[in-house]
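Single-letter residue listing:
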Amino acid sequence: MSEFVYLYRSEEPLPRGGLARALEALGVGFRLEEESPTEGVVYAGSGFFMPLSSSLMAIRDDLGTTLSFLRSHRDDPLARKLMKEGLAYFPNSAFFLVDVLLREFYYQDFSSLPLLKSEFSGLEREIYLTAIAYLRSGLDAKAAAEAIYVHRNTFSYRLNKFIAATGLDPRDYHNALLIELYEAFGKR
């Protein structure tokens, strides 16, 4: 199970221990780090998102404030910026990095591009091209290995190296879409 970062913010200060109790009721494992009375980080697996998303209205009613969550592959400047931006687009919602990026790009706001580019900076070209080949082949590792003329084991090694370097597993839809957004906009 992969662990994700869920950045959160509330409009009003949260009651001490209130968010932890509300999240425990979801019945899914998590670790909570409160940074201030209105924001913090939850670390949890992919199985956390759906129960959280479907319970946010009840959590809002229990805690008495609007609360939004952003799921990311890591806690970094891109995630922090998109959390702030996403509050306007998705109040009292759980959302993904790509949800905010797509809105920004739709409105011709490319202010997040430098941070998106930094997600892939320092990555060896062949490692990046391995991930792109995997996406372009419909997540068919054999076809992707053939497309870039490498042995299947070499392909697996490179794909694992990409995942380790970026924290992005292309088999996750939202990660794949983030990679595609970089491919489309980040190389400008």
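Draft legend 1. Local environment of the pattern of salt bridges. As enumerated under the stated definition, the model contains 15 salt bridges in all. The salt bridge partner of E33 is R31, with a shortest N-O separation of 2.8 Å. With relative accessibility at 35%, the residue E33 sits in the partly exposed group. We note a salt bridge from R80 to E35, for which the minimum N-O separation is 2.8 Å. Placement of the pair is R80 in helix α3 (residues 77–89) and E35 in the loop between β2 (30–34) and β3 (39–45), with a sequence separation of 45 residues. The partly exposed category is assigned to R80, whose relative accessible area is 26%. For E35, a relative accessible area of 41% gives the class partly exposed. Taken together, the shared-partner salt bridges connect E3, R31 and E33 into one network.

Draft legend 2. Molecular detail of the nonpolar core. If you look at the biggest cluster of nonpolar residues, it comprises 62 residues, and the most contacted ones within it are Y6, L23, L52, L67, F69, F120 and F162. Here this core gets seven residues from one element, more than from any other, and that element is helix α6 (residues 125–136). Those residues in contact with L23 that lie beyond four places of it in its chain are F30, V42, F48, L52, I59 and F69.

Draft legend 3. Looking closely at the packing of α3 against helix α5 (residues 113–120). Contact geometry for α3 and α5: axes closest at 9 Å, N-to-C directions at 150°. With respect to each other, α3 and α5 are oriented roughly antiparallel. Both α3 and α5 take part in a crossing whose hand is left-handed. Of the residues in α5, those touching α3 at P77, L78 and K81 are L115, L116 and E119.

Draft legend 4. Spotlight on the confidence of the model for the chain. Chain-level statistics for the chain give a pLDDT mean of 94 and a share of 99% at 70 or above. The spread of mean pLDDT over the elements of the chain runs between helix α9 (residues 173–186), the lowest at 93, and strand β5 (residues 94–96), the highest at 97.

Draft legend 5. Summary view of the sheet that holds β3. Taken together, the five strands give an open sheet; going across it, the order is β2-β3-β1-β4-β5, and neighbouring strands pair in mixed fashion. Each edge of the open sheet is held by one strand with a lone partner, namely β2 and β5. Between one strand and the next, the sheet's axes are offset by a mean angle of 25°, whatever the strand orientation. Pairing analysis gives six bridges linking strand β1 (residues 3–10) to strand β4 (residues 67–72), with the strands arranged antiparallel. Considered in β4, the bridge of V5 is made with S72.

The rules behind these values
- Residues numbered from 1 in each chain as written.
- Predicted model: local features only at pLDDT ≥ 70, side-chain atom pairs only at ≥ 80, totals over all residues.
- Heavy atoms only, no water.
- Salt bridge = Lys/Arg side-chain N within 4 Å of Asp/Glu carboxyl O.
- Buried < 20%, exposed > 50% of the residue type's maximum accessible area, 1.4 Å probe, protein only.
- Helix = DSSP H or I, 4+ residues; strand = E, 2+ residues; numbered from the N terminus.
- Core = buried A, V, L, I, M, F, W, Y, C linked by side-chain atoms within 4.5 Å.
- Contact = heavy atoms within 4.5 Å.
- Axes fitted to C-alpha atoms, helices over the stretch in contact; angles between N-to-C directions.
- Parallel < 35°, antiparallel > 145°, perpendicular 65-115°, else oblique.
- Left-handed = near helix turned anticlockwise from the far one by under 90°.
- pLDDT = per-residue confidence, 0-100.
- Pairing = 2+ DSSP bridges.

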